[in-house]
Amino acid sequence: MNLLKDKKFSIGFIILVGFITTIKLGIIYYNANFNPYALSSFCSVNDFIDCDGIAKTTESQFFGVPLAFWGMFLYAFMGLMLFVDKLKNIKFLKFLEVFKNPFSYIAALGVISFGISMLLLCISLFEIKKLCVLCAFTYILNLLIAIIAAHGIGFKQIFKDSVKDLIDALKIKPYAIAFGVVVLIAAAFLTYTSTSYIFTPQVKRVKEFKEFTQAKKNKYAVSGNLLGVENPDVVVHAYTDYECPMCRAYDIMLHKLAKEFKNIQIVHHNMPLDTSCNKYLRKEFHQGACTMAKYAVAAGKQGKFWDMNNVLFEKQPTSTKEVLTLADKLELNIPKLVEDANSLEVLKEIQADIDEAYGYKINGTPSTVINGKLHMGMKPYSDMKQWIIDEGGIKK
């Protein structure tokens, strides 16, 4: 009897610790994905030990539900099973009598959750290349629960008991119906969470970005110097760097916006993070970005700014020679292009863009300014559309 009490106490204590830990993980998940003003959590120590970083990934959820919530449910159910012998004596909880071998269920869930934990650990270490120490702590707790609960029963027997009791319960019509209803409700809930992204904005962002980040060509590309309409109601000022990793996807978004709205114009501004033309930088970030910016502006003097802009983002040339090869394919006047690109006039134009950007306190690319309102960084396309609608943009 004392051994049974000790077993219950040990499992109960571990379950309580696990439940509290998953609550903390849930808070970390919320702050990482929903609270832009949240400070880093205590378990985000560096680039590798980074709970916040993992919480922001698409792997931190399953069927649209954060893994922390799955953990809470797991520990709550284990806790219920721990006291099922007493709870089933309560009249309205009599249905719990079908749970005949609670330690077997707890042990089976512990084994299964530990197996899943090891898979998650591999994803964390080899794909995300980060470690969540709190997550790893729950993995250990799951193993301990499995070992203690299976003691005196055996690992084979716990699964036999679990399957047999489930089959026996489903032979009873009311329980079979109740089980079916629960499954349908769960399926409906998971369908909703996985399609609405209500708990997983990071998944929604990744899906939205795929159209643009995985595009081989800009299918919305235009020719000439005008992107949008000549007399716009809304002007979108875009600040980019031709070597910025996300600026190409952002540029495609801008072109799509110009296709979807009938009263906007996109105005491009160069903000190369290259010390050769950006006086505000203390160290080099994107060497060669100034050169590409100069040739884009110079192409504009021949009426082909957006043509050059598109090929620079798409081809990512690494030398002036490669830029000129691309320019030749655009049928630009190469001698004039070279002369303009190296002129003081073009340099001053780029530096004016940079001064303007720093005037808005822009310190990175891509950045967007609409009617004086600054939006820093890469955002989902739906967010960008909403900015324009809020400022008076009208869809075609």
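Provided above is the structure to which this section pertains.
Source: prediction; values computed, not measured.

Attention now moves to the overall build of the protein chain. A count of helical and extended segments in the protein chain gives 16 helices and 6 strands. Taking 2.2 N^0.38 as the reference for a compact globule, 396 residues should give roughly 21 Å; the C-alpha atoms of the protein chain span a radius of gyration of 29 Å, well beyond that estimate. Taken over the C-alpha atoms alone, the protein chain extends approximately 95 × 45 × 35 Å along its principal axes. Of all 396 residues assigned to the protein chain, the portion counted as buried reaches 43%. Considering only intrachain contacts with a sequence separation of at least 6, the fraction spanning at least 24 residues in the protein chain is 74%. Entry remark: accessible area of the protein chain is about 21400 Å², with carbon and sulfur atoms responsible for 63%. For the protein chain, the distance from the average position of its 45 positive side-chain charges to the average position of its 36 negative side-chain charges is 11 Å.

The next point concerns the sheet that holds strand β4 (residues 264-270). With mixed pairing, the 4 strands of this open sheet are ordered in space as β4-β3-β5-β6. Each end of this open sheet is capped by a strand with a single partner; those strands are β4 and β6 (373-376). On average, adjacent strands in this sheet sit at an angle of 20° to one another, irrespective of strand direction. Examined bridge by bridge, strand β3 (residues 234-240) and β4 share 7 bridges and lie parallel to one another. Of the residues in β4, the one forming a bridge with A238 is H268. The sheet strands contacting helix α10 (residues 247-260) are β3, β4 and β5 (367-370), and the helix crosses β3 at an angle near 165°.

Here we come to the nonpolar core. Y242, L254, L257, I266, M308 and L337 are the most contacted members of the largest nonpolar core, which totals 52 residues. With near-sequence residues (within four places) excluded, L337 lies in contact with Y295, A298, A299, Q302, M308, L324, A327 and L332. Ranked by size, the runner-up nonpolar core spans 21 residues in total, among them I11, L82, I106 and A108.

Attention now moves to the pattern of salt bridges. Inspection of every chain in the model, using the stated rule, returns 13 salt bridges. Notably, a salt bridge pairs K88 with D85, separated by 3.9 Å at the nearest N-O pair. For K88, a relative accessible area of 27% puts it in the partly exposed group. In this structure, E314 and K315 form a salt bridge, with 3.6 Å as the shortest nitrogen-oxygen distance. Sharing partners across several salt bridges, the network here consists of K217, E314 and K315.

Looking now at the environment of A76. Among the structural elements, A76 can be located in helix α3 (residues 67-82). Overall, A76 belongs to the partly exposed group, its relative accessible area being 43%. Between the C-alpha atom of A76 and that of I15, which follows or precedes it by 61 residues, the distance is 8.0 Å.

By the criterion of burial, β3 is predominantly enclosed, with 5 of the 7 residues buried. For the crossover from β3 across α10 to β4, the handedness is right-handed. Inspection of the sheet shows β3 paired to β5 by 4 bridges, in the antiparallel sense. Bridging across to β5, V236 finds its partner in I370.

Here we come to the environment of A108. Inspection of the secondary structure puts A108 in helix α5 (residues 102-128). Measuring from C-alpha to C-alpha, the distance between A108 and A150 comes to 8.1 Å, with 42 residues separating the pair along the chain. Discounting chain neighbours no more than four positions away, the residues touching A108 are I158, F159 and S162.

So, about the state of the cysteines. Under the definition given, this model contains 2 disulfides. Paired by a disulfide, C43 and C51 hold their sulfur atoms 2.3 Å apart. On the sign convention where negative means left-handed, the S-S torsion of about -140° between C43 and C51 marks this disulfide as left-handed. Of the residues examined, C43 reaches a relative accessible area of 1% and is grouped as buried. Given the relative accessible area of 2%, C51 is considered buried. Between the sulfur atoms of C277 and its disulfide partner C290 the distance amounts to 1.9 Å. Its torsion about the S-S bond being -85°, the disulfide of C277 and C290 is classed as left-handed. With C277 in the loop between β4 and α11 (289-300) and C290 in helix α11, this pair connects stretches of sequence that are 13 residues apart.

The next thing to look at is the side chain of K130. In this fold, K130 is placed in the loop between α5 and α6 (133-150). Separated by 3.2 Å, the side chains of K130 and D50 make a polar contact. If near-sequence neighbours (up to four positions away) are discounted, K130 is found in contact with D47, F48, D50, G53, I54, S124 and L125.

For the rest of this paragraph, the subject is a nonpolar patch on the surface. The grouping of L166, L170, F179 and V183 at the surface amounts to a nonpolar patch, some 320 Å² of accessible area in total. Those elements giving two or more residues to the nonpolar patch turn out to be α7 (155-170) and α8 (173-196).

So, about the packing of helix α1 (residues 2-34) against α6. Between two packed helices, both the angle of their axes relative to each other and the distance between the axes serve to describe the pair. One can describe the packing of α1 onto α6 by two numbers: an axis separation of 10 Å at closest approach and a directional angle of 160°. Accordingly, the angle class assigned to the pair α1 and α6 is roughly antiparallel. For the crossing formed where α1 meets α6, the hand is left-handed. For the pair formed by α1 and α6, the contact residues are K7, S10, I11, I14, I15, V17, G18, T21, T22, K24, L25 and I28 on the first element and L134, C135, F137, T138, L141, L144, I145, I148 and A149 on the second.

Conventions we followed
Residues numbered from 1 in each chain as written. Predicted model: local features only at pLDDT ≥ 70, side-chain atom pairs only at ≥ 80, totals over all residues. Heavy atoms only, no water. Helix = DSSP H or I, 4+ residues; strand = E, 2+ residues; numbered from the N terminus. Rg over C-alpha atoms; globule rule 2.2 N^0.38 Å. Buried < 20%, exposed > 50% of the residue type's maximum accessible area, 1.4 Å probe, protein only. Contact = heavy atoms within 4.5 Å. Areas by Shrake-Rupley, 256 points an atom, 1.4 Å probe, with all protein chains shown as cover. Lys, Arg positive; Asp, Glu negative; His and termini not counted. Charge placed at Lys NZ, Arg CZ, Asp CG, Glu CD. Pairing = 2+ DSSP bridges. Axes fitted to C-alpha atoms, helices over the stretch in contact; angles between N-to-C directions. Core = buried A, V, L, I, M, F, W, Y, C linked by side-chain atoms within 4.5 Å. Salt bridge = Lys/Arg side-chain N within 4 Å of Asp/Glu carboxyl O. Right-handed = clockwise from strand over helix to strand, strands pointing away. Disulfide = S-S within 2.5 Å. Polar contact = N/O pair within 3.5 Å; in protein donor to acceptor, adjacent residues only side chain to side chain. Patch = residues over 30% accessible without salt bridge, like charges linked within 9 Å, V, L, I, M, F, W, Y side chains within 5 Å. Parallel < 35°, antiparallel > 145°, perpendicular 65-115°, else oblique. Left-handed = near helix turned anticlockwise from the far one by under 90°.

Keep in mind these numbers describe shape, not what the thing actually does.
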